[in-house]
Amino acid sequence: MALFSSLTPVFMAIICVLIGVIMKKTNGEKEKRDTKSKHPSRPWVDEDLKDGTDHPLEEEEGEEEWQGLEENVAHVPFAGERYSEAEMIKRSQTFYELLNKRRSVRFLSDEPVPREVIDNVIRTAGTSPSGAHTEPWTFVVVQDPYLKHKIREIVEEEEEINYKKRMGDRWVNDLKRLRTNWIKEYLDTAPYLILIFKQVYGRLPNGKKKTHYYNEISVSIACGILLAALQNAGLYTVTSTPLNCGPQLRVLLQRPANEKLLLLLPVGYPRKDATVPALTRKPLEDIMVVM
């Protein structure tokens with residue numbers, strides 16, 4: 001009995017330790033479950049900018065049937081342009097010099113731009129390659145002053161939150177040297193706004209869905225061609241990816257659920273008092289590796 005009494009504190013200590021270990025393990029497993037259930041905090045990643053090739057939209061989820069593309073496509077003879085080496089060098093140098101003058105311009109004039117020019121540059125963007133030739137892009141051209149102002153209101157409201165809360169000090173400080181902020185006057189003054197939407201899937205004539213492979217990459221290539229076409233026409237823009245504005249802009253512009261905003265371009269001529277940051281571009285040896 002005396003021996004039992006002397007061992008009681010030891011047993012109690014062991015029991016307390018075991019209870020502590022069990023509780024710690026239980027809490028640890030709960031934390032792991034909570035961590036897995038929560039998405040990592042990345043406020044600068046806009047859900048509308050993610051590639052939706054493998055992720056059906058919530059609005060369209062269900063048992064809808066998907067259908068592949070037709071298997072047989074006729075092939076036709078092809079003969080491309082062929083230039084002399086001297087002409088190739090001249091043309092490539094001239095094109096580089098043209099695009100090297102491209103700058104992101106935030107001070108745009110309200111001077112009218114011929115609509116035919118806008119039609120032509122978008123036709124040019126539409127020549128872009130795409131996954132399985134699905135052409136998963138929609139270019140929404142806005143010229144109506146009321147709609148332009150509504151777009152500005154949506155963008156500025158969200159951008160103010162982005163700058164003050166979502167983007168973080170590092171990103172905001174990196175932008176300070178470029179003197180940018182959430183005020184987007186060019187959304188009112190530019191004669192045209194071009195909003196580029198990626199179609200995360202398409203619709204066939206029979207109503208079935210068709211997959212748009214690499215839709216974000218395909219539309220991004222088209223955007224690059226569009227920028228080159230604008231520069232070739234003597235028009236200027238600033239590439240804008242308004243975070244967290246996509247859903248509101250999609251509703252405003254009455255776009256279907258399968259379209260997600262990728263880029264917003266105000267297009268026009270520079271104002272006479274326009275300025276741009278004194279930036280330089282990396283030299284060839286810093287961007288090209290020859291093996």
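Residues numbered from 1 in each chain as written. Predicted model: local features only at pLDDT ≥ 70, side-chain atom pairs only at ≥ 80, totals over all residues. Heavy atoms only, no water.

## What to know about the overall build of the chain
- Counting secondary structure elements, the chain contains nine helices and five strands.
- With 291 residues in all, the chain has 32% of them scored as buried.
- When contacts within the chain are restricted to residue pairs at least 6 apart in sequence, those whose partners lie at least 24 apart make up 84%.
- Just so you have it, the chain exposes about 20100 Å², and 56% of that area is on carbon and sulfur atoms. (Helix = DSSP H or I, 4+ residues; strand = E, 2+ residues; numbered from the N terminus. Buried < 20%, exposed > 50% of the residue type's maximum accessible area, 1.4 Å probe, protein only. Contact = heavy atoms within 4.5 Å. Areas by Shrake-Rupley, 256 points an atom, 1.4 Å probe, with all protein chains shown as cover.)

## Comments concerning the sheet that holds strand β1 (residues 137-142)
- Read from one edge of the open sheet, three strands run β1-β2-β5, paired in antiparallel fashion. Edge positions in the sheet fall to β1 and β5 (259-267), since each of these pairs with one other strand and no more. Strand-to-strand twist in this sheet, taken as the mean axis angle between neighbours without regard to direction, amounts to 20°.
- In terms of strand pairing, strand β2 (residues 192-199) meets β5 through eight bridges, oriented antiparallel. Of the residues in β5, the one forming a bridge with Ile196 is Leu263. (Pairing = 2+ DSSP bridges. Axes fitted to C-alpha atoms, helices over the stretch in contact; angles between N-to-C directions.)

## Things to note about the confidence of the model for the chain
- Per-residue confidence for the chain gives a mean pLDDT of 82, with 69% of residues at or over 70.
- Throughout residues 34-45 the model reports pLDDT below 50, and contacts reaching past four residues in sequence, or to other chains, amount to six contacts.
- Within the model, pLDDT remains below 50 along residues 51-61, and this stretch shows 25 contacts once partners closer than five positions in the same chain are excluded. (pLDDT = per-residue confidence, 0-100.)

## Here's the deal with the nonpolar core
- Membership of the largest hydrophobic core comes to 22 residues, with the highest contact counts inside it found for Ile118, Phe139, Ile194, Ile196, Leu226, Leu265 and Val267.
- It is helix α7 (residues 215-232) that provides the largest number of residues to this core, a total of seven residues.
- Leu187, Phe197, Leu249 and Leu261 belong to the second-largest nonpolar core, a separate cluster that totals 19 residues. (Core = buried A, V, L, I, M, F, W, Y, C linked by side-chain atoms within 4.5 Å.)

## A closer look at the packing of helix α2 (residues 85-99) against α7
- With their axes 9 Å apart at the nearest point, α2 and α7 run at an angle of 90° to one another. By the angle between their directions, the pair α2 and α7 is classed as roughly perpendicular. Of the residues in α7, those in contact with Phe95, Leu98 and Leu99 of α2 are Ala228, Gln231 and Asn232.
- Of the residues assigned to the contact of α2 with α7, the class counts are four nonpolar, two polar and no charged. (Parallel < 35°, antiparallel > 145°, perpendicular 65-115°, else oblique. Nonpolar A, V, L, I, M, F, W, Y, C, P; charged D, E, K, R; others polar.)

## Regarding the pattern of salt bridges
- Per the counting criterion, the structure on display carries seven salt bridges.
- Taking the shortest distance from any N to any O, the salt bridge between Arg255 and Glu259 comes out at 2.8 Å.
- Here Asp273 and Arg271 are joined by a salt bridge, their closest N and O atoms 2.8 Å apart.
- In this structure Arg271 comes out as partly exposed when scored by relative accessible area, which is 28%. (Salt bridge = Lys/Arg side-chain N within 4 Å of Asp/Glu carboxyl O.)

## Description of the packing of helix α3 (residues 115-125) against α7
- Where α3 meets α7, the closest approach of the two axes is 8 Å, and the angle between their N-to-C directions is 145°. In the crossing of α3 with α7, the sense of the turn from one axis to the other is right-handed. Across the interface between the two elements, Val121, Ile122, Thr124 and Ala125 from α3 touch Ala222, Ile225, Leu226, Ala229 and Leu230 from α7.
- Tallied by class, residues from the contact of α3 with α7 come to eight nonpolar, one polar and no charged. (Left-handed = near helix turned anticlockwise from the far one by under 90°.)

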